[in-house]
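Per-entry structural report
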Amino acid sequence: MPLSSRHLLGLQGVPKEDIQLILDTALTFREVLERPIKKVPTLQGKTIVNLFYESSTRTRISFELAEKRLSADAINFSVSGSSVSKGETFKDTIKNIEAMKVDMVVVRHAAAGTPLFLTKISNANIINAGDGIHEHPTQALLDMYSIREKFGKIAGLKVCIVGDIAHSRVALSNIFGLITMGAKVSVCGPSTMIPKYIEDLGVQVIYNIDEAIQENDILNVLRIQLERKAREYFPSIREYAKYFGIDRARLEKNKKSIVIMHPGPINRGVELSSDIADGEHQIILQQVTNGVAVRMAVLYLLGTVN
Ligand code: CP
């Protein structure tokens, strides 16, 4: 059964069956990653360009590894060192790359809607690796995979997304995906960082972090995006850490067994203390490992069903 779209632009409107198929396929690839030879010939002959106009460690390496594990030819493009510095437009760059017979494009860009724009000017399969404050679908898929791995299910679980909800593509993709899969989703953060429309998406708002810890099975803690001027939305980083940061004392005070997730990179001492970021509650590095399998599944499903 193929996916219902030949692109992955976001999780808004993606049917439950598609998400289920990606997660089930990722389970197969997760097993491949444990083998001594972590490679299958599935996408042999396919050429995939990783087009990163914004910084990335996890997503970029994870996609490149996923492509190599599937035997595709992976090409990495980054703005520095490219002809973008000579004034070449985004559209011209894409047209020239496509003229080299590329099958799939993985794109990260600061402008929301860039992946959608690419579908209008390219025949390749387009995968969104994070577009501005819009969506980051493969992050949410790997988060859901990790939740299912930990709990054996997604439906019925209570998941709270903590932090700058208004400017987070990870939050939005998680909200769409988790609600589709039957989880009960809440958000917690400073009121300046909670969008007014959020309850219309079926999400509960919690302003007190202790309440969020007590009421939920999972906290997915977001990075405070200092590069996107997040600092303007609360008085000081110290105050943010005091009221919304997760540390051992806060978890012990609430006497709660809870799973802590984080998409990375972590601002240690701000949204998570180091004893939590490295402690027994978190599954942060499992998320990263699972990300390769999930991206293999997405590439395989899109790359083999034109
Ligand atoms: N989680 C995430 O998108 O990390 P990177 O920005 O390092 O890719």
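None of these values were measured; they are calculated from a predicted model. (Residues numbered from 1 in each chain as written. Predicted model: local features only at pLDDT ≥ 70, side-chain atom pairs only at ≥ 80, totals over all residues. Heavy atoms only, no water.)

Side note on the pairing of strand β3 (residues 104–109)
The cut-off we apply is this: Note on exposure labels: buried denotes an accessible area under 20% of the residue type's maximum, exposed denotes more than 50%, and partly exposed covers the range between, all computed with a 1.4 Å probe on protein chains only. Secondary structure counts use DSSP, requiring at least four H or I residues in a row for a helix and at least two E residues in a row for a strand, with both numbered from the N terminus. Two strands are counted as paired when DSSP detects at least two bridges linking them.
β3 sits mainly inside the fold: 6 of its 6 residues count as buried. Taking every second residue as pointing to the same face, both faces of β3 are buried, with M104, V106 and R108 on one and V105, V107 and H109 on the other. Here strand β1 (residues 47–52) pairs with β3 via 5 bridges, running parallel. Bridge pairing links N50 to V106 in β3. Sheet topology places β3 next to strand β4 (residues 125–131); 5 bridges connect them, and they run parallel. Paired with V105 across the strands is I126, a residue of β4.

A few points about the sheet that holds β4
Convention followed: Lines fitted to C-alpha atoms define the axes, with helix axes restricted to the stretch in contact, and inter-axis angles between N-to-C directions lie between 0 and 180 degrees. Here a residue-residue contact requires only that any non-hydrogen atoms of the pair lie within 4.5 Å.
In space, the 4 strands of this open sheet follow the order β2-β1-β3-β4, with parallel pairing throughout. On the outer flanks of this sheet lie β2 (73–78) and β4, each paired with one strand and no other. In this sheet, neighbouring strand axes are inclined to one another by 15° on average, regardless of whether the strands run parallel or antiparallel. Helix α2 (residues 58–69) contacts β1, β2, β3 and β4 of the sheet and is inclined by roughly 160° relative to β2. Each of β1, β2 and β3 touches helix α3 (residues 90–98); the most contacted strand, β1, lies at about 160° to it.

Function-wise, these values are silent; they only describe arrangement.
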